[in-house]
Structure formats: structure tokens, C-alpha cells
Amino acid sequence: MSSSALFNLNTPQRDAVRYMEGPCLVIAGAGSGKTRVITQKIAHLIESGLYEARHIAALTFTNKAAAEMQERIAKLLSSPSQAAELTISTFHSLGVRILRQEAKELGLKERFSIMDADDCFSLIQDMAVTTDRQVIRRIQTRISLWKNALVFPEKALAEAVDEHEGQAARIYASYMATLSAYQAVDFDDLIRLPVELFRQNDAVRDRWQRRMRYLLVDEYQDTNVCQYELVKLLVTGPGKKPMFTAVGDDDQAIYAWRGATAENLKILRDDFPDLELIRLEQNYRSSMHILQAANAVISNNPKIFEKTLWSEMGAGEPVRVSAMDNDETEAEQVAISLSAHRFERRAKFSDYAILYRGNHQARLLETALRRERIPYTISGGQSFFARAEIKDIVSYLRLIANNDDDPAFIRAVTTPKRGVGQATLEALGAYAGRWQCSLFEAVFKGGIEAVLPSRQLQPLRAFCDFINRIEARASRQGAAGSGENAAAVLDDMMAEIAYEPYLYDTFDERNARGKWENVLDFTGWLKEKSLGDRQGGIPEKNLLELTQMVALMTMLEGRDEAPDAVRLSTLHAAKGLEFPHVYLVGVEEGILPHKGDPDTPADVLARRIEEERRLMYVGITRAQRSLQITWCKKRRRGRETEICDMSRFIAEMKLDEGKALPDESETMTPQARLANLKSLLQNPKVA
Ligand code: ATP
Ligand code: MG
């Protein structure tokens, strides 16, 4: 059996691609071609006629990874259009798909809304007795962990160890009730509800099993209990031979804080005793200096699976470590050094990534990059979707997708102002509460005239009529391109909202212009996404599908655009990606490893440090050819300036064995290098 999908693979990779006897687990370090095995295996399954594309499903960690995978597979197939029939998505997108199709079975409207973390925070805030944001955040995290562990409110309450947990469990109960009243789900529900449905309803489970006959899972180490349960429900059943391929790396497990268990890979082996275990040892990504540093760091963690990684990519450049005076200087120097490096290598901006531990570190970097006129895109933050103007527009889309989405209703009906004030909304809310219906529904409910005089009712009805009109058009438009396209509907909606004049009436000219540009940027991007990509095998989307996609995107990643731009990303969001040149910044004690609660018990702390070390490992192994690490001697925290120490992880890289280059500041400053290069370019004769 041979197909193009088997080319460019080493022996264990080819074994993994060909293995069809039962469940298969590929466990291997970073850059060893695990994701490539998934891609090639899918192509192989199709090309060899073993499975039809529509019966294959692959789960990836980010939407971006899913899109890339689909594109790659299309290129491997003799008939690329088949790629469109594959199900390649994140766990969350798959959940949305299952919920949308099985909504009825769950007593959910097909057009349920997805609440993002901010919406959920507001809900919990309304229920909690405290106003302390940190406490509310902790309750939210607690609820999420319960959900991901498939623990219900009653059980949470019964097992609460102290008053704090008891309170969180009580809020958990009312939080669930409110979500269902809103016909809304949160991110955790996207996986929890399908799991429940499959557990309760064999017919539904069977239907999905027949649809997804072969399952592949990337980044397996970061699945949580709930996600694993979903996988298990899809691949097991009476008389059914479990058929799936999972790939993962225990050294890259970085989501314990979201309920993923580091023991995942072991559990899989226990649950599937005939699991075929395949290891990959050759790294195809990074040059030797980088790989050695990564191996040295991770060797400080206890091992679940023994691994050795080697590479034939050559020694490459030594890893460079630079100490910076403070975080502002760090951002400036990185920007300038990147410019100089790019000149020297004649590289593209998109060859570079700047990686950091926390979102808050992005701000100074953004400023510095803008100053140097370096284009960049941000992922892993919510910086774009969290902007007020974007949330405003999204609230309209959400309301169109689900009339019962009360938080979206309130935001949309009051932005821009259209004569609906607080008093009107309170009266409407009370009425909706009495009738157990949504705000939208209450507007048209008989008897509403008795509580709201027509002066107040009229603008509400006008607003709802507008939403209904757009909604009718949004759903008429066929996903296959018949009927109206998403762009036209979107343009008309924007014109009718009169959002642009609202911005200029409300903000000063400069701000208004900036905000409007963001909106145009957003709607332009939506329109582009609606088109799909026939050759890449990505189907067209209608406005409703776009809305749900946007809700999902806010979670982990930003948008992917700007063809040639430096990527700014958190370490978490950089998982699975690779870049020729990487800057890893802020590598200090307190940042990486992250400073946790000072009262953390020693054993918990030890486990946390191990997780931080894996994060460092993920960071180092994103680099293909060069890796530059910076840390700051001082850093601003709020109004204070803190003295910082170099991270223990830098020492663990064992660079001091004559391999590391001297600190950059001891040779030529990046400014001087850049000036030098620019003058050479302008006056080549001098060279
Ligand atoms: P990570 O753990 O970071 O997710 P991974 O194990 O999934 O890494 P891939 O991203 O699949 O690794 O592969 C890393 C790089 O090596 C990619 O650029 C890939 O194309 C390349 N690669 C993988 N296998 C081979 C091979 N057999 N021959 C040539 N290049 C390969
Ligand atoms: Mg991968």
C-alpha cells in the first residue's frame, strides 16, 4: 500500500500512519513530526480508500491549527475538494457542531448563544455577595474546574470542604439555571453537554459514531477529563473496535490549571490495553544548540515516558541570553535587535515570534514594535475581541443568532442609544422575569402595554423589528452560496445601526476614527471568513455560523491575518507552532516561573514549577534556527519597581559550557548594528 501520503516520513512515522489494527498513541518530544503524522495519516486513510473523508475527524488545539491542517491535507490529496468533507476542528468547535445539530435532544434552541468568559464573569458577579473581582474570578475558575471534571452543583455542594467552596457551589447552581434560562452555554458546556447527551442517549451517540469512524487527536496531553470522556464516548461501544490515533508529548502538558491531567497519556494506556505505542525521536525543527537547551531544561522534571530527541539540523547559532536594565528597555532592544537581525538575514517579519508568559507583557512590546514600524499580529490575548467597539458589534450578531441572549440584548439595545433607558429595561426585565421569558420575547408579549407606556415600548419594538429583519436575511442565505451573502447583510446591518456616526458623536475625533477602523477591520475580516476557500477545502459560512466562530475565537487565539508580520504570542497560544527566529522575553523568577500564591503548600508548588518548566520547554522548542532570551533586572509592577532575578530555567539550559555567545551588550549594541547595516545598505561601496 503506498500513497503520496507516505512520502517524507521516517520509519516510525510511517508505522504510525499505516497502523490500522486499533488505537494508536504516538508519544514524542517537540518538533518530532507528531502533527505531521496526523496530517499524513488522514491523507493516507482517504487515498488508500480505507475511509471516506466525511467519516474522518481530527481534533486540534486551536482554530488556526485546524485551518492549517485542512490546507495541508488538501495539498496531499489527489482530489483536494475532498478535504472540505473532513471534520477538522478544536474540541470546542466540534462541541458547537454537535450541540447545534442535537439541540432539540438537549432542550436547547438550535440558535443557542455562547457566552464568553467576560459575560460569564458578569453573571457570577450579579450572584456573588462580594464585589472583589479576584474572589469572583476564583469562583469562576472553581465552577469551570467542576464542569470540566463533570461534577454537578449538588455534588459540588455536598463535597465542599469549606465555606468558600460551599458558596461557589451555590453560585454554580444558580449560574447553571441562568444559563439555561438564557438558552446560552459557556465554553465548558460546549464539551460537557455533548458528553452528557452521549451518555444518556445511545441512538444519538450511535449516529455520531457512524459519522466519525476514525478519530485523530493532536496535543493529546492537554485534554481534560471532559474532553477525554468525549473521545472515549466516540470511539468505544458494544462490539465496536476502538479506532483512533492520538499524538502527544507529556513534556508539553501546560493546561493543568484548566483541568487537564498530566497523567492523561498513562490513563489512555490503562483504558486501552492493546494501545499501540509509537515513539518518535528525531527532531526536524530545531538546530542542535536549541534542542540541547530544551532537553537540558526538561531533564529537571520527573519523567513519565523516557524520551531522547536528536536532530540533523546542524549545530546552528548558539542560544543568546541578554540581561536588560528594565522591561521598557527590554521591549525596545528586542524591537531593534529584531530589525537588525532581519536586515542581516534578509528574513521576513513572519519568520519571527516574540513569546512571553502573560498577556500583560504584550503592551510594552506592542508600543516598541509600533515605534520601529514593525508589523505584528497578536495571538493568545483577547486584545482585539475585548475592545468595546468589537463587543458592541458582536452583541448584535449574537442577538441575531439567539434572540434570548439577554446580555447581548442589553448591550445592543443601548449602544448606540435609541431612547431605551435604564428604567425601561428594568420594567422589561421584571416583566420577563414574571413570565420566565427573554427580554426580546417580553417586548411582544401580551400585557406588556400595561407595564410600559407606548413611548417606552415603541423604540424597543422598532429595535426588535430591525433584529428580526436582519435575522430573516441571515438565515435565508444558504451556506452553499445561494441567496444573499453574509457581506451584504452585514453592510446593511452596520448602516442601519449607524454605528459610525455614533462613534463620532460620543468620542473625540481621533478616538472615534481609531475605533471605526477597528470595526471596519473586524467586519472586513468577517466577510473574508464568510467566503471560505474552495481550494483549501474550507466551506462558505453564513452570518450565523460566523457568529459562533467569533465566540470561539475569543477564547484562545486572536485572528490570523497580516501576511507578513511578527507574531506576538503567549507561550500557551504558541503551542504546536514553529518560527525560524524566536525571542523569549521576561525570563525571570516571578514571571517564568510565574509567581503564584505565597501560601501554596510545598508539594503543590513543586508541581506548579514543573508545569512552568514545561512552558519554558514549549517556548524554546518553537525556535528553528535562532533563539534569543531576555530577562530584566528591574520591572515595573503597577507603580512599584521590583528588582528581579534571572529565571532558574536559564541556568538549567546549561549554556555556560562555552557554547553561548557573550551577552549582546558586551559586543555591539543592537542600535549600533542596525545603524551600521542601514549605512551599508545605503552606501554599499564602503563595505
Ligand atoms: P510539537 O510538539 O511542537 O507540536 P510536532 O511533533 O507536532 O511538534 P511537527 O510540527 O509535526 O512536530 O513537525 C515539526 C517540523 O518538522 C515541521 O516543520 C515538519 O514539517 C517537519 N517534519 C516532520 N517530520 C518530518 C520528516 N519526516 N521529514 C522532514 N521534515 C519533517
Ligand atoms: Mg504538533
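Residues numbered from 1 in each chain as written. Chains lettered and ligands numbered in written order. Predicted model: local features only at pLDDT ≥ 70, side-chain atom pairs only at ≥ 80, totals over all residues. Heavy atoms only, no water.

Labelled according to an unreviewed UniProt entry, the chain appears under the name ATP-dependent DNA helicase Rep, originating from Oxalobacter vibrioformis. Quoted verbatim from the Function (unreviewed entry) field of the UniProt record, the comment on the chain reads "Rep helicase is a single-stranded DNA-dependent ATPase involved in DNA replication; it can initiate unwinding at a nick in the DNA. It binds to the single-stranded DNA and acts in a progressive fashion along the DNA in the 3' to 5' direction." (UniProt positions renumbered as here; feature names shortened; annotations may be inferred.)

Colleague: Just to check I follow, could you spell out the overall build of the chain for this structure?
Modeller: Looking only at helices and strands, one finds 28 helices and 17 strands in the chain. Within the span of the chain, comprising 687 residues, buried residues form 55% of the whole. In the chain, the share of contacts with a sequence separation of at least 24, taken over all contacts with a separation of at least 6, comes to 78%. Only carbon and sulfur atoms are counted for the fraction: they give 50% of the accessible area of the chain, which is about 30,200 Å². (Helix = DSSP H or I, 4+ residues; strand = E, 2+ residues; numbered from the N terminus. Buried < 20%, exposed > 50% of the residue type's maximum accessible area, 1.4 Å probe, protein only. Contact = heavy atoms within 4.5 Å. Areas by Shrake-Rupley, 256 points an atom, 1.4 Å probe, with all protein chains shown as cover.)

Colleague: So what exactly am I meant to see when it comes to the UniProt feature "binding site: ATP" (unreviewed entry) in the chain here?
Modeller: Residues given the UniProt feature "binding site: ATP" (unreviewed entry) here are A28, G29, A30, G31, S32, G33, K34, T35 and R285. The named residues occupy 258 residues along the chain; their greatest pairwise C-alpha distance, 13.2 Å, places them in one compact cluster. Mapped onto the elements, G33 comes out in the loop between β1 (24-28) and α2 (34-47). G33 sits in the buried class, given a relative accessible area of 16%. Look past the residues within four positions of G33 in its chain and what remains in contact with it is Q13 and L280. By secondary structure assignment, the location of R285 is in the loop between β9 (282-283) and α13 (288-298). Classification of R285 by relative accessible area gives buried; the value is 9%.

Colleague: Mind showing me how you'd approach the pattern of salt bridges here?
Modeller: Proximity of charged atoms lets side chains of opposite charge pair with each other. Under the criterion given, the structure shown has 38 salt bridges. With a closest N to O distance of 3.4 Å, E389 and K515 form a salt bridge. Here the residue E389 occupies a position in helix α16 (residues 388-401), and K515 occupies one in helix α24 (residues 509-531), the gap between them amounting to 126 residues. Look at the salt bridges and you will find they share partners, linking K147, D186, D189, R192 and E196 into a network. (Salt bridge = Lys/Arg side-chain N within 4 Å of Asp/Glu carboxyl O.)

Colleague: How should the site of ligand 1 be read in this particular structure?
Modeller: Taken together, 19 residues lie around ligand 1, and K34, T35, R36, E578 and R622 are the ones closest in. Between ligand 1 and R285, the relevant distance is 2.8 Å, taken from an oxygen atom to a side-chain nitrogen or oxygen of the residue. For ligand 1, whose unbound accessible area comes to 630 Å², protein coverage reaches 83%. Residue composition of the shell around ligand 1, grouped by class: three nonpolar, 10 polar and six charged. (Near = heavy atom within 4 Å. Polar contact = N/O pair within 3.5 Å; in protein donor to acceptor, adjacent residues only side chain to side chain. Nonpolar A, V, L, I, M, F, W, Y, C, P; charged D, E, K, R; others polar.)

Colleague: Teacher, can you tell me more about the pairing of β1 here?
Modeller: Side-chain positions along a regular strand alternate between the two faces of the sheet. By the criterion of burial, β1 is predominantly enclosed, with five of the five residues buried. Both β1 and strand β8 (residues 276-280) contribute to a ladder of five bridges, which runs parallel. Among the inter-strand pairings, L25 is bridged to a residue of β8, identified as L277. Note that β1 and strand β7 (residues 244-248) share four bridges and pair parallel. When the bridges of β7 are listed, L25 appears paired with A246. (Pairing = 2+ DSSP bridges.)

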